[in-house]
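# Summary of structural features
One-letter residues, chain by chain:
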Amino acid sequence: MQRFIVFEGLDGTGKTTQIKKLAEYLTGRGETVFTDAEPSALPSGKYIRRVLSGEIPSSPWATAALFLADRINQNIDSDNGIKKHLDAGETVILDRYYFSTFAYQGYETDMDWAMDMHYRCPELEKPDLVLFLTMSPEKCIDRITQNRADQPLEIYETTEKLTEISEKFNTVFEKLKDKENIVYIDASGSVDEVHERIVNAVNASNPPKLALFDFDGTVIDNSRGIYNCINYACDKMGVKRPGSDIIRRFVGPPLYDSYKRYIENDHERALYFVDCYRERFAPIGKTEAELYPNIINLLSALKADGYTLAVCSGKPRQFVMDIAKNLGIAKFFSEYYCPSFSDTGLDKGDYIIRAISDFGSRRENTVMIGDTKSDILAAKKAEVKSIGVKYGFAAENELEENGADILCETVSDIFVAVTGKEL
């Protein structure tokens, strides 16, 4: 998901720590994240650090111009520039940007001049979100002196100057409130409390697009493994094998429920059936799965289009993860919402609701893709759009009768249904 997030605030507000935590959070969601800071690690940035330390004298006007030059280099650097990472579809998180020049150098020069030269520069990427961490200057100085007790303070790190700069930041953001997407974050409290505020702000500003996939009959064709394991379990239990029309209905719902519905309504026997089924499925059945044609292209294209992908299946989580890894598609999925081996009847709709919460998405940004009525009904419970695939295991008219929002004949049709674009 391509986006550019900037952290601003006085030194001591915890930007470095919070940037690291946000990067870890977004990476866990499947995003590729690049983090950087100002001044840059380029020669222009190293020169500025010598200015800030007091080693090299410079007027505020010159310092502001030096920062602009460094930002241009940081944006367009061919090896590791901001533009390069954004063009690759990555999330860029930057510690400080031109707002700091408006506040830090702006209080000693002319703020409007500093703004004008930056906004007139075509080489600078505009951030999608600015997170301004707020804290009293006194508290900031306390943190700075504690964290850098053996290092000299920089030229702006006094209570008096930080107080003036804090006021300038407020002036800057008031001027830019209609031009930039700025969110104030209270930086007081524990690290985890501040992180939660930041995550909420990031998700609220640009909630991720979430595509949830059923597994059997949607992503993989594991009919051979499923049928063989059902027959194996029935033979071991001494019960009659179900006919082909019935055995198809086992795909999708929990095995426990299907046994009770289609073979015999006996709790203990249903549990034993599940154990017998898994006895063959764990070593053999899961290796009999195949990907539906074009699935890898679909998953890759959805990721490139900015979607977060996750599995929402009634199959045990470990089996799903093993099969996904064996078939080379695990890299596409950020999470697996599936029951554990001890679960016998969890509701798939609740998994969808949990996924929306975990990823900070919204119902209107979420779609459930599946091949049976259990997927359609789960989507209705969670109040998200449902896409029913006709190539799976649904009975005739099953998807239509249960109110699928969109029907897809092929894997390629799914991309059109989700994005409105051709695969």
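To keep things clear, this report deals only with the structure shown in the data block. Since we're looking at a predicted model, the values are computed, not measured.

Basis of the calculations
Residues numbered from 1 in each chain as written. Predicted model: local features only at pLDDT ≥ 70, side-chain atom pairs only at ≥ 80, totals over all residues. Heavy atoms only, no water. Helix = DSSP H or I, 4+ residues; strand = E, 2+ residues; numbered from the N terminus. Rg over C-alpha atoms; globule rule 2.2 N^0.38 Å. Buried < 20%, exposed > 50% of the residue type's maximum accessible area, 1.4 Å probe, protein only. Contact = heavy atoms within 4.5 Å. Lys, Arg positive; Asp, Glu negative; His and termini not counted. Charge placed at Lys NZ, Arg CZ, Asp CG, Glu CD. Patch = residues over 30% accessible without salt bridge, like charges linked within 9 Å, V, L, I, M, F, W, Y side chains within 5 Å. Areas by Shrake-Rupley, 256 points an atom, 1.4 Å probe, with all protein chains shown as cover. Salt bridge = Lys/Arg side-chain N within 4 Å of Asp/Glu carboxyl O. Polar contact = N/O pair within 3.5 Å; in protein donor to acceptor, adjacent residues only side chain to side chain. Phe/Tyr/Trp six-rings, centres within 6.5 Å; stacked < 30°, edge-to-face > 60°. Disulfide = S-S within 2.5 Å.

What follows concerns the overall build of the chain. Of regular secondary structure, the chain possesses 19 helices and 13 strands. Radius of gyration (C-alpha) of the chain: 28 Å, far over the 22 Å computed for a compact globule of 423 residues. C-alpha extents for the chain along the principal axes are approximately 90 × 45 × 35 Å. The 423 residues of the chain split such that 50% are buried. Sequence-distant contacts in the chain: of pairs separated by 6 or more residues, those separated by 24 or more amount to 71%. Charge separation in the chain, taken as the distance between the mean sites of 51 positive and 67 negative side-chain charges, equals 3 Å.

This paragraph deals with a negative patch on the surface. A surface patch of like charges, here negative, comprises E108, E160, E164 and E167. Relative to the helices and strands, E167 resides in helix α8 (residues 159–175).

Moving on to the side chain of E90. Within the secondary structure, E90 is located in the loop between α4 (82–87) and β3 (91–95). Buried charge without a partner: E90 forms no salt bridge, and the closest opposite charge is K84, 8.5 Å away. Only 2.7 Å separates the side chain of E90 from the side chain of H85, close enough to count as a polar contact.

For the rest of this paragraph, the subject is the packing of aromatic side chains. Scanning all chains against the criterion turns up 24 aromatic pairs. Ring plane angle 40° and centroid distance 5.9 Å describe the contact between F250 and Y262, whose orientation is recorded as tilted. One end of the pair, F250, is in the loop between α11 (244–247) and α12 (255–262); the other, Y262, is in helix α12, and 12 residues separate them in sequence. Taking relative accessible area as the criterion, F250 reaches 2% and is therefore assigned buried. Cluster of aromatic residues (ring-pair linked, three or more members): F4, Y97, Y98, F99, F102, Y104, Y119, F132, F169, F173 and Y184.

Let's shift gears to unusual backbone geometry. Between E38 and the following residue, P39, the backbone shows a cis peptide bond with an omega angle of -10°. Tracing the sequence through the fold places P39 in the loop between β2 (33–37) and α2 (43–52). In the Ramachandran plot, E383 falls in the positive-phi region, its phi being about 60° despite a non-glycine side chain. Of note, E383 is situated in the loop between α17 (373–382) and β12 (385–389). Located in the positive-phi region is N397, a residue other than glycine, with phi close to 70°. Looking at the secondary structure, you find N397 in the loop between β12 and α18 (398–401).

The next subject is the state of the cysteines. Among covalent bonds in proteins, the disulfide is the one between the sulfur atoms of two cysteines. Considering all chains together, one arrives at 0 disulfides under this definition. Cysteine C229 remains unbridged, with the sulfur of C276 as its closest cysteine sulfur at 11 Å. Not part of a disulfide, C408 finds its nearest cysteine sulfur in C312, a span of 17 Å. Take C408: its relative accessible area is 1%, and that puts it in the buried class.

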